[in-house]
Amino acid sequence: MLDRQESVSRFPEILPYPLHKSPEIFINNEWQDSISGKVFPTYNPATGEQISEVQEADKTIESLNSGKPFLPTLFVDIQGTIKTLRYFAGYADKLHGTTIPIDGDYLTFTRYEPIGVCGQIIPWNFPLLMAAWKLGPALACGNTIVMKPAEQTPLTCLYIAALIKEAGFPPGVINILPGYGPTAGAAIASHMGIDKVAFTGSTQIGKLIQEAAGKSNLKRVTLELGGKSPNIVFADADLDLAVEQAHQGVFFNAGQMCTAGSRIFVEEPIYDEFVRRSVERAKRRIVGSPFDPTTEQGPQISQVQQDRVLELIQSGISEGATLECGGKAFGQKGFFVEPTIFSNVRDDMRIAREEIFGPVQQIMKFKTIEEVIERANNTDYGLASAVFTKDINKAITVSTAMQAGTVWINCYNAMSSQCPFGGYKMSGNGRELGQNGLKEYAEVKTITMKMVAKNC
Ligand code: NAI
Ligand code: MG
């Protein structure tokens, strides 16, 4: 930990909010010191250095703090954030109940009401976008918010805090508490004064949050957790399209995606060719500085995540999968991992079962549609899935059989604010985005009135 004085003197004046003076907490539209007086450092994952030592940094803060390549961040994270907030803003005056005819002399209608105080715990892989997914529907339904960004990536959330004040939100509507999970995060999950908690992150912590909610006030819980998403490629698929989409589906954001299509099932006749083309594509992937516009892949978020990914790669090698390319750390500094492909992967290997959250693609072979459906669903997770084929019957058969919240046909990661997103099984509870996501932030009340008027 830095002490406050050290941090204050070293933090550059890169942000339009007084982080250098009081890099802590945003409550009631004011910057507040932490009660303990502690501060924590934040790092640039592309170099491993503390951002407090970076001088004259560019103000695109998301890339700086998360290591995301600048251009995809602009198009996916920033555009996605704007679209999400606009989409939910449109709902603020359109969430209305229904009038329900019931037996007897009654008038019955429903109304949607805010849940109250919503705790929102945000991960580091899409710090700004995940904040928008949670802020938008919560505000549209009239709730107040206590948000905790991930300890690795607090900067864009704090930037939002400054904008919230500038936009004229009443004090206390949105409060932002940067801090660590076991302290600030756990406090949100168990707090008796918080009425709902929404979480995106690991399945392990999702279970803790659900448990804490159950042990405290049974607050509403929505969870968006891990995945091990299958991507099924039939022999009749457009091969160029399937190879490229499968590549982007797992390597985007350096593989740090809950939807990562990390299990690619390829039909036997095209298996060898698919592997060959995938390896050729992965070798062309440009890894490097997030601020270079040609960069396709930045670093992993932290040393911890880099170590975790490399350890899982080692397990793949020792369990007998074929390492086709990559497999090592990339470069001399920062937390980069080479784009890595395994072929001849068995379903029981750790790399086929565990969420890797890194740039590692597993390619398996299948023979029949029945077999691949069973194997694709043979996982604890159920977030996303995809199928590549020109045969509409196969596409729909697979889509309806997938135990997953999302199925993409001949595309991958085609997400939008209008569509509900969330997991089956241990990938989560509830949905985000779309009308389903909106209603996770409202209570519905039924009002029934006895009609006493006569002769009408
Ligand atoms: P994590 O689940 O520990 O962290 C996500 C958020 O939860 C952060 O804001 C963290 O501060 C908070 N948190 C941590 N412990 C908590 C607790 N006891 N109570 C309340 N909040 C808590 O994820 P971590 O450790 O950073 O990454 C581990 C793995 O989790 C990754 O390798 C990946 O597999 C998965 N993950 C999945 C994400 C997704 O998008 N579904 C996002 C981040 C991680
Ligand atoms: Mg953790």
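Relevant structure appears above.
Remember, predicted model here, so these are calculated numbers, not experimental data.

Thresholds applied
- Residues numbered from 1 in each chain as written.
- Chains lettered and ligands numbered in written order.
- Predicted model: local features only at pLDDT ≥ 70, side-chain atom pairs only at ≥ 80, totals over all residues.
- Heavy atoms only, no water.
- Pairing = 2+ DSSP bridges.
- Helix = DSSP H or I, 4+ residues; strand = E, 2+ residues; numbered from the N terminus.
- Contact = heavy atoms within 4.5 Å.
- Axes fitted to C-alpha atoms, helices over the stretch in contact; angles between N-to-C directions.
- 1 Å grid on protein atoms, 1.4 Å probe; cavity = no way out; pocket = protein on both sides within 12 Å on 5 of 7 lines; lining within 4 Å.
- Points joined across faces, edges and corners; volume = space filled by probe spheres on them.
- Nonpolar A, V, L, I, M, F, W, Y, C, P; charged D, E, K, R; others polar.

Undergrad: How do you make sense of the sheet that holds strand β12 (residues 230-233) when you look at a structure like this?
TA: One key point about sheets: their strands pair by backbone hydrogen bonds, in either a parallel or an antiparallel sense. Judged by pairing direction, the sheet is mixed, and its seven strands sit side by side in the order β14-β15-β16-β13-β12-β17-β18 without closing on themselves. Bordering the open sheet on either side are β14 (322-325) and β18 (408-409), each of which pairs with just one other strand. Where β14 and strand β15 (residues 340-343) come together, three bridges link them in antiparallel fashion. Residue pairing for β15: Leu-323 is matched across the bridge by Phe-342. In this fold helix α9 (residues 271-284) packs onto β12, β13 (263-267), β14, β15 and β16 (360-366), with an angle of close to 170° to the strand it touches most, β16. Relative to β16, helix α12 (residues 369-377) is tilted by about 145°, and along the sheet it contacts β12, β13 and β16.

Undergrad: Please explain the layout of surface pockets as it appears in this structure.
TA: Take a probe with the size of a water molecule and roll it over the atoms, and the empty space left behind shows itself. One number sums up the size of the largest pocket: a volume of about 1,200 Å³. Around the largest pocket, the lining is made up of 43 residues, and of these Phe-199, Gly-201, Ser-202, Gln-204 and Ile-205 lie nearest the centre. Taken together, the elements giving at least two residues each to the lining of the largest pocket come down to α6 (181-190), β10 (196-200), α7 (203-215) and α10 (303-318). One number sums up the size of the second largest pocket: a volume of about 640 Å³. As for the second largest pocket, its lining consists of 26 residues, of which Thr-81, Leu-85, Leu-128, Ile-160 and Leu-163 are closest to the centre. Secondary structure elements with two or more residues in the lining of the second largest pocket: α2 (61-66), α3 (70-89), α4 (127-140) and α5 (155-167). The dominant element in the lining of the second largest pocket, judged by the number of residues it contributes, is α3, at seven residues. Among the residues making up the lining of the second largest pocket, the classes are represented as 20 nonpolar, four polar and two charged.

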